[in-house]
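# A closer look at the structure
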Amino acid sequence: MSDIAVRPRSGRSKGAGLGLVAWLLGIVFFLPIAWMALTSFHSEQDAATNPPSFGAAFTLDGYREFFGTGGGASPWPALINSTVASLTSTLFVLLLAFPAAYALSIRPVKKWTDVLFFFLSTKMLPAVAGLLPIYLFAKNTDMLDNIWLLVILYTSMNLPIAVWMMQSFLAEVPVAVIEAAKVDGARLPTILARVVAPIALPGIAATALICFIFSWNELLFARVLTGVAAETAPVFLTGFITSQGLFLAKVCAASLVISLPVLAAGFAAQDKLVQGLSLGAVK
């Protein structure tokens, strides 16, 4: 009887301990963001103090400098370029990855695991190794400082991981539902759009969010292949680090504003993201 009475209590204590550890880890990961947000509302003098001055007066000077009210460059062209490149490339990735993942999951080809490994192996090449050939190609085709070059690059860079993710999501779709749709006379485009896509919507949302984040945060190719017309938000952010020094409050304000679209997208799609990641979990 004593053993039976102790087991539920030990299980509850273990769950409480894991919950406490999860909260502590969450706080640790959130602290840098909170520190950045707090520093962005300080003046440059207060932000540069060591140790930091937590009781310093708040000001919006960093945000005014970022948005160009003090005579600096406007961030809106860079933000628009990042939005166009990220959203357009993510849309192209989904349009290409969805039928490919369907072919590898619902109707698997021979040695489909080798196909998936080939897709994933393309991500093993360091990005800097392909930088020079891509730069020479863009130069010879007059595509330097062109936003559509970034769209093509981001699509090709995110397509392998998207196919890999969506294959595991679509593998959970019941084959009986697809067979029933075929019996009713539905063709493949209709099956993909009206049968498979609604069932796999959480996985599609998770894949889209991952691709959007990767595209939004990409810096190396955008820094080398763009100039003024196609400058993206991360490239614009590096312009705040000058030979005159690091203006910490202004950099923190710019970093927070540029991070907001990703944070907003993650918050808006958090339910679908959790469902999608659990849908493709390994049993």
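Analysis parameters
- Residues numbered from 1 in each chain as written.
- Predicted model: local features only at pLDDT ≥ 70, side-chain atom pairs only at ≥ 80, totals over all residues.
- Heavy atoms only, no water.
- Helix = DSSP H or I, 4+ residues; strand = E, 2+ residues; numbered from the N terminus.
- Contact = heavy atoms within 4.5 Å.
- Areas by Shrake-Rupley, 256 points an atom, 1.4 Å probe, with all protein chains shown as cover.
- Phe/Tyr/Trp six-rings, centres within 6.5 Å; stacked < 30°, edge-to-face > 60°.
- Buried < 20%, exposed > 50% of the residue type's maximum accessible area, 1.4 Å probe, protein only.
- Lys NZ or Arg CZ within 6 Å of the ring centre and 35° of its normal.
- Axes fitted to C-alpha atoms, helices over the stretch in contact; angles between N-to-C directions.
- Left-handed = near helix turned anticlockwise from the far one by under 90°.
- Nonpolar A, V, L, I, M, F, W, Y, C, P; charged D, E, K, R; others polar.
- Core = buried A, V, L, I, M, F, W, Y, C linked by side-chain atoms within 4.5 Å.
- Parallel < 35°, antiparallel > 145°, perpendicular 65-115°, else oblique.
- Salt bridge = Lys/Arg side-chain N within 4 Å of Asp/Glu carboxyl O.

### Thoughts on the overall build of the chain
- When helices and strands are tallied, the chain shows 14 helices and two strands.
- Within the chain, counting contacts between residues at least 6 apart in sequence, those at least 24 apart form 75% of the total.
- Just so you have it, the chain exposes about 16900 Å², and 70% of that area is on carbon and sulfur atoms.

### Considering the packing of aromatic side chains
- Following the criterion strictly, the structure yields six aromatic pairs and no others.
- Geometrically, the ring pair formed by Phe-41 and Phe-58 is tilted, given 6.2 Å between the ring centres and 45° between the ring planes. Residue Phe-41 is located in the loop between α1 (2-40) and α2 (44-47), and its partner Phe-58 is located in the loop between α2 and α3 (61-66); the two are separated by 17 residues in the primary sequence.
- In this structure Phe-41 comes out as partly exposed when scored by relative accessible area, which is 29%.
- Judged by relative accessible area, which is 59%, Phe-58 ranks as exposed.
- Taking the ring centre of Phe-247 as reference, the NZ or CZ of Lys-250 above it sits at 4.9 Å.

### Here we look at the packing of helix α4 (residues 76-105) against helix α7 (residues 147-170)
- Contact geometry of α4 with α7 gives a least axis separation of 6 Å together with a crossing angle of 35°. Classified by chirality, the crossing of α7 by α4 is right-handed.
- Within the contact of α4 with α7, the residues separate by chemical class into 21 nonpolar, seven polar and no charged.

### Quick look at the nonpolar core
- Core analysis: the largest hydrophobic core is formed by 25 residues, its most contacted members being Phe-98, Tyr-102, Met-166, Leu-170, Val-173, Ile-178 and Val-196.
- Within the residue set of this core, elements represented by two or more residues are α4, α7, α8 (175-183), α9 (188-199) and α10 (201-217).
- If one sorts the elements of this core by residue count, α4 sits on top with seven residues.
- When sequence neighbours within four positions are dropped, the list of residues in contact with Val-196 reads Phe-98, Tyr-102, Leu-170, Val-173, Ile-178 and Ile-191.

### Looking at unusual backbone geometry
- Look at Asp-142: it is not a glycine, yet its phi comes out positive at around 60°.
- Relative to the assigned elements, Asp-142 resides in the loop between α6 (131-140) and α7.
- In this structure Asp-142 comes out as exposed when scored by relative accessible area, which is 67%.
- The backbone of Asp-145 shows a phi angle near 60°, a positive value even though the residue is not glycine.
- Position of Asp-145 among the secondary structure elements: in the loop between α6 and α7.

### Things to note about the packing of α7 against α10
- Two elements in contact, α7 and α10, have axes separated by 10 Å at closest approach and are oriented at 155°. Classed by the angle they form, the pair α7 and α10 counts as roughly antiparallel. When you trace α7 past α10, the crossing you get is right-handed. Contacts between α7 and α10 involve Tyr-154, Asn-158, Ala-162, Met-165, Met-166 and Phe-169 on the former and, on the latter, Gly-203, Ile-204, Ala-206, Thr-207, Ile-210, Cys-211, Phe-214 and Ser-215.
- Grouping the amino acids of the contact of α7 with α10 by side-chain chemistry returns 10 nonpolar, four polar and no charged.

### Points about the environment of Pro-234
- Within the secondary structure layout, Pro-234 lies in helix α12 (residues 233-238).
- Residue classification places Pro-234 among the buried positions, given a relative accessible area of 12%.
- Remark: the alpha-carbon pair of Pro-234 and Arg-223, spanning 11 residues in sequence, is separated by 8.3 Å.
- Contact partners of Pro-234, with chain neighbours within four places excluded, come to Ser-82, Trp-216, Asn-217, Glu-218 and Leu-219.

### Quick word on the pattern of salt bridges
- Evaluated as defined, the whole model comprises one salt bridge.
- Measuring nitrogen to oxygen at the nearest pair gives 2.8 Å for the salt bridge that ties Asp-61 to Arg-64. With Asp-61 and Arg-64 both in helix α3, this residue pair falls three residues apart, about one helical turn.
- Judged by its relative accessible area of 40%, Asp-61 falls in the partly exposed class.

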